[in-house]
Amino acid sequence: MILPDARLQLVLDLVGVLVFAISGGLVAVKKQLDLFGVLVLALVAGLGGGVLRDLLIGVVPPTGVTDWRLVAAGALGGVLTFLWHPAFGRISRIVKVLDAAGLGAFCVSGALTALALGMPDLTCVIVGTLSAIGGGMLRDVLAREVPEVLTRELYAVPAALGATLVVGAHELDLLGPGVALGCAALVFGVRMIAVVLDLNAPRPLRTQPPGTIEP
Amino acid sequence: MILPDARLQLVLDLVGVLVFAISGGLVAVKKQLDLFGVLVLALVAGLGGGVLRDLLIGVVPPTGVTDWRLVAAGALGGVLTFLWHPAFGRISRIVKVLDAAGLGAFCVSGALTALALGMPDLTCVIVGTLSAIGGGMLRDVLAREVPEVLTRELYAVPAALGATLVVGAHELDLLGPGVALGCAALVFGVRMIAVVLDLNAPRPLRTQPPGTIEP
Amino acid sequence: MILPDARLQLVLDLVGVLVFAISGGLVAVKKQLDLFGVLVLALVAGLGGGVLRDLLIGVVPPTGVTDWRLVAAGALGGVLTFLWHPAFGRISRIVKVLDAAGLGAFCVSGALTALALGMPDLTCVIVGTLSAIGGGMLRDVLAREVPEVLTRELYAVPAALGATLVVGAHELDLLGPGVALGCAALVFGVRMIAVVLDLNAPRPLRTQPPGTIEP
């Protein structure tokens, strides 16, 4: 069993926390919240996925409430967003790019954390996926936005794909830092292609004309 | 202390996961989400209550992320719903029937799980109730629906009743598979009667004419 | 290491649960929910913060599902609210006062709990803060209200301040019952001043005229 060293994992976690924190801060800016609203949403979005991951695999207290570097990365993301943020009109698209980067970093880091604890493969895949989509879900629920994970383009799928590839590479003894980073990059790429091309899965067949849909 | 065997518990869990997953899938269909949105809501609704239960009683990782049969039941519920679903107009009522079945299965299974770990009676009742209402709550929050548990007909009450009966039967050494299944059926029945008769608890007295209620 | 005795902590927890439960009940009254909706929101708001705290620091099952006194305080808050509640128009302001009292009680009690388990200082501050804001967040998300923690006046900040003072006093060996109660009172006072004066943090600079903000 070859696992990438702890430094790679920390780098992935820091990148994931920072980009998700900025995404949370941007949603708060779009909602015209004040400095502390920006910080709250930045910390929730940045640290939420990792906290969920750690609760599921029994790492208590979660690293998101013990490691000052992660907390600092989350707060930094909020402050940076507050001080310097784009025009409101472009925020939604920038959030999608940041989410894509966070998805890549967190699905790999989440799967690695679960693998390091000797969890079964299925658990590693689910935990990696939830770790990647959890922060954005908490952000959107708290901000009363439509959860990104339920919108049309592929979102949870690239994350599940990345976690599955990491676990598969581990089974085949192929999992080194290069492969881990490659998986993160692949997830980012797949998600960006889905956003750009507006790729989405098939929708359920309508069985009634839309005009008669119940509210 | 006589507890029903593990097979009964697995059956209750599988039934609960499947019906809640279908309910989650139907809510996603009603919201016109795509295949993966349907799967996400199906898995959240199907597995959410059990994951909440396991986190509360210290079973980590929760069986909902380790037991492939439960995960498969959740995914199956989503796929079935996607392929074959009723007209939009009837979905809300079908969700209520499915929720009733899930409430019955999960409040019993949740109470049994907590009893098997030797938790105090109060904890078994609360954990059984939360296990039953948790998946639907997560589904509704994520889908931005009014949480079923806050709507007018009795919802949490049958679940709490079922968990209480299971714990009481256990105290009296009467808890066998038949009693457990009877409790689940009773919860289903009480909830269905509440839905059909539109039974609901008294509401707070108005102290102002409704027209002056703050937004 | 001098920590206030367990009785002080229980008193703080009971006060916090009761006032947050009343706040949850009032939000349910405002939404015109029935008796059981009032009870559900009261229990969620009253016990949610403490359950979140205990999950984060590995106290399972959480005291909120094992200690009948806390559960009774939450249910009592719901019943009291149902029987006797103010005119709808004043509810939002009364919720703010109750939240202020709960913030003070819970940020101190949460920090004390984490300190008693020997958690690192940063963790104690975060856990104390989350313990204070968690119940209200769950209440608002479930009731589909704008989360109080994201509104304009200072909310999370007094809670974080109180938890920080408790941890700081503990580091300086100054932490007795008087200091702990003083911190709770200070948090209540700061939050009330923020509400009364409509104090709020700076907001992000607009980079577009408001009329062009995306929806």
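To be clear, the structure that these remarks concern was listed above.
If you're wondering where the values come from, they're calculated on a predicted model, not measured in any experiment.

1. Observations concerning the overall build of chain A
Okay, so step 1: Scanning chain A from N- to C-terminus turns up seven helices and zero strands.
Okay, so step 2: Along its sequence from the N terminus, chain A presents helices and strands in the succession α-α-α-α-α-α-α.
Okay, so step 3: For 215 residues, the compact-globule estimate of 2.2 N^0.38 gives 17 Å, and chain A sits close to it at 17 Å.
Okay, so step 4: Dimensions of chain A along its principal axes, counting C-alpha atoms only, are 55 × 45 × 30 Å.
Okay, so step 5: A burial count over chain A gives 58% of its 215 residues as buried.
Okay, so step 6: Expressed as a percentage of contacts within chain A between residues at least 6 apart in sequence, the contacts between residues at least 24 apart total 80%.
Okay, so step 7: For chain A, the computed accessible surface area is about 8,200 Å², with 72% contributed by carbon and sulfur atoms.

2. Looking at helix H1 (residues 6-30) of chain B
Okay, so step 1: In this model, H1(B) (25 residues) spans 36 Å end to end at C-alpha, consistent with the 36 Å of a helix rising 1.5 Å per residue.
Okay, so step 2: Downstream of H1(B) by a residue or two, B:Gln32 has a phi angle that is positive, lying close to 60 degrees.

3. Some remarks on the relation of the copies chain B and chain A
Okay, so step 1: Expressed as a screw transformation, the operator carrying chain B onto chain A has a rotation angle of 120 degrees and an axial translation of 0.0 Å, and the superposed copies differ by an RMSD of 0.0 Å. Overall, the copies show the geometry of a three-fold rotation axis.
Okay, so step 2: In this assembly, only 9% of the residues forming the interface of chain B have copies in chain A that are likewise at the interface, indicating a heterologous arrangement.

4. Notes on the nonpolar core
Okay, so step 1: Of all hydrophobic cores here, the largest spans 181 residues; its most connected members are A:Val108, B:Val108 and C:Val108.
Okay, so step 2: Contacts of A:Val108, omitting those with residues within four sequence positions, involve A:Leu12, A:Val166, A:Ala180, A:Cys183 and A:Ala184.

Analysis parameters
Residues numbered from 1 in each chain as written. Chains lettered and ligands numbered in written order. Predicted model: local features only at pLDDT ≥ 70, side-chain atom pairs only at ≥ 80, totals over all residues. Heavy atoms only, no water. Helix = DSSP H or I, 4+ residues; strand = E, 2+ residues; numbered from the N terminus. Rg over C-alpha atoms; globule rule 2.2 N^0.38 Å. Buried < 20%, exposed > 50% of the residue type's maximum accessible area, 1.4 Å probe, protein only. Contact = heavy atoms within 4.5 Å. Areas by Shrake-Rupley, 256 points an atom, 1.4 Å probe, with all protein chains shown as cover. Expected span 1.5 Å × (residues − 1). Least-squares fit on C-alpha atoms with pLDDT ≥ 70 in both. Core = buried A, V, L, I, M, F, W, Y, C linked by side-chain atoms within 4.5 Å.

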